[in-house]
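# Fold and geometry: a report
Each chain is listed here by its residues.
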Amino acid sequence: EEESAEGKEILNRNGAGFRVYGFWDKVINLNECHLQAEPSNAIRKAARDYAIENELDFFDIAEKKGFLRALTIRMSSTKEIMVLFQFFYEDASKRLGLLNYIKEQFPEITSLLYTINYKGNETIFDLDIITFSGADCIYEEMEGLKFKIGPKSFYQTNSKQAYELYKVTRELAQIEKNDIVYDLYTGTGTIAQFVGNNALKVIGVESVPEAIKAAKENANNNGIYNCKFYVGDMKEIFTEDFIRKNGQPDVIITDPPRDGMHKKVVGQLLDVYPKRIVYVSCNPATQARDLALMNEHYKVTKVQPVDMFPQTFHVENVVLLEKR
């Protein structure tokens, strides 16, 4: 009997939780996550239980089959909640059943979205996101600044600690009132606007068009008029023309994704040669690799990690580089 119970456990692959560390195709079924405020757990469990009761099949990424693909829940300090479902294919009756159930159970959800994702991976940048109910975004607030966050916008998952991270970044940047600041991988322009008051002007660059659209909207709503935002691939953006148009930066803040900066971007930073570079990283390993490439021209003068992910080994690490 024990054996069959164990066998059943393995056969039942219907989990709603997180990916198993080191596996791209395995999800651990989670009953409670202590790092998330409610109703995050409750929403996830309700979706899972509804799916099991109504025989909606869970997606198997290795086999490329199944209906329910991914669930993203975002909660802001303004108490707004965004829930995004990814379905592998369209099935209106299955989809409506689940979405209506979640909407009724959780009236506090302010943005309920879905997308049909038939691709090989879970990235959503090239997908149409459909608003099922509520708004198509949520807002985050910080020092009186409001930031609109859409489903494709990057924003730190831990909003309380994001504020601490941005304060450390601002402090290390030591911006003076006549300084021109470039903010690379700017996302929705959060850091750019957060340091905007201290600078003459801030130039934000980001490759996701939707994020830049939100950044411009945010700056406008926040009454910040010294920030300019550009959509572009970081490897291609630093032309002489771009520098001529926007001015020689005194300070560059860079906050790249986990992969760190492309070699070409590091090379361009060295060509532009600002007084100071503040490098914010969620992956100290790729950060160390990039810093080594800059070591000849810049010395590391300050390092300040920020614990964004309690109970895990992950940190955000902020490093100040100054000309040798």
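The structure reproduced in this document is the subject of the present report.

Reading the values: the criteria
- Residues numbered from 1 in each chain as written.
- Predicted model: local features only at pLDDT ≥ 70, side-chain atom pairs only at ≥ 80, totals over all residues.
- Heavy atoms only, no water.
- Helix = DSSP H or I, 4+ residues; strand = E, 2+ residues; numbered from the N terminus.
- Rg over C-alpha atoms; globule rule 2.2 N^0.38 Å.
- Buried < 20%, exposed > 50% of the residue type's maximum accessible area, 1.4 Å probe, protein only.
- Contact = heavy atoms within 4.5 Å.
- 1 Å grid on protein atoms, 1.4 Å probe; cavity = no way out; pocket = protein on both sides within 12 Å on 5 of 7 lines; lining within 4 Å.
- Points joined across faces, edges and corners; volume = space filled by probe spheres on them.
- Nonpolar A, V, L, I, M, F, W, Y, C, P; charged D, E, K, R; others polar.
- Core = buried A, V, L, I, M, F, W, Y, C linked by side-chain atoms within 4.5 Å.
- Phe/Tyr/Trp six-rings, centres within 6.5 Å; stacked < 30°, edge-to-face > 60°.
- Salt bridge = Lys/Arg side-chain N within 4 Å of Asp/Glu carboxyl O.

## A few points about the overall build of the chain
In terms of helices and strands, the chain carries 10 helices and 15 strands. By the compact-globule yardstick of 20 Å for 324 residues, the chain fits well, its C-alpha radius of gyration being 22 Å. With respect to the three principal axes, the spread of C-alpha positions in the chain is 70 × 45 × 30 Å. Taken across its 324 residues, the chain has 48% of its residues classed as buried. A sequence separation of at least 24 residues applies to 62% of the contacts in the chain between residues at least 6 apart.

## A look at the layout of surface pockets
In this structure, the second largest pocket encloses a volume near 330 Å³. Around the second largest pocket, the lining comprises 16 residues; the ones closest to its centre are Asp136, Gly150, Pro151, Lys152 and Glu210. Among the elements that make up the lining of the second largest pocket, the one with the highest residue count is helix α6 (residues 209–221) (four residues). Grouping the constituent residues of the lining of the second largest pocket by class yields six nonpolar, three polar and seven charged.

## Description of the environment of Leu99
Within the secondary structure, Leu99 is located in helix α3 (residues 92–105). Judged by relative accessible area, which is 0%, Leu99 ranks as buried. Taking the C-alpha atoms as reference points, Leu99 and Ser76, 23 residues apart in sequence, are found 21 Å from one another. Residues within four places of Leu99 in sequence aside, it is in contact with Phe85, Phe87, Leu112, Tyr114 and Phe132.

## Overview of the nonpolar core
Counting 39 residues, the largest nonpolar core has Tyr166, Ile253 and Val278 as its most contacted members. For this core, the element with the highest residue contribution is helix α4 (residues 159–173), accounting for six residues. In this view, Ile253 contacts Thr169, Ala173, Val181, Tyr182, Asp183, Leu184, Ile191, Val195 and Val278; residues no more than four positions away in its chain are not counted. Core analysis: the next-biggest nonpolar cluster, separate from the first, contains 25 residues, Tyr182, Phe238, Ile252 and Met261 among them.

## Digging into the environment of Gly260
Looking at the secondary structure, you find Gly260 in the loop between β12 (251–254) and α9 (263–272). Sequence-wise, Gly260 and Pro284 are 24 residues apart; in three dimensions their C-alpha atoms are separated by 8.9 Å.

## Points about the side chain of Gln156
Locating Gln156 in the fold gives a position in the loop between β8 (145–149) and α4. By relative accessible area, Gln156 is classed as buried at 5%. Leaving out residues up to four positions away in the same chain, Gln156 has contacts with Ala162, Leu165, Tyr166, Asp255, Met308 and Glu316.

## Examining the packing of aromatic side chains
Tallied over the entire structure, the rule returns 15 aromatic pairs. The interplanar angle of 20° and the centroid separation of 4.8 Å between the aromatic rings of Phe67 and Phe87 together place this pair among those described as stacked. Residue Phe67 is found in the loop between α2 (40–53) and β3 (68–75), and its partner Phe87 is found in strand β4 (residues 81–87); the two are separated by 20 residues along the sequence. The rings of Phe59, Phe67, Phe85, Phe87, Phe88, Tyr89 and Tyr114 are connected pair by pair, giving a single aromatic cluster.

## Describing the pattern of salt bridges
Counted according to the given criterion, the structure contains 16 salt bridges. In this structure, Asp233 and Lys235 form a salt bridge, with 3.2 Å as the shortest nitrogen-oxygen distance. Note that Arg289 and Asp290 form a salt bridge whose closest N and O atoms lie 3.0 Å from each other. Connected via shared salt-bridge partners are Asp57, Asp91 and Lys94.

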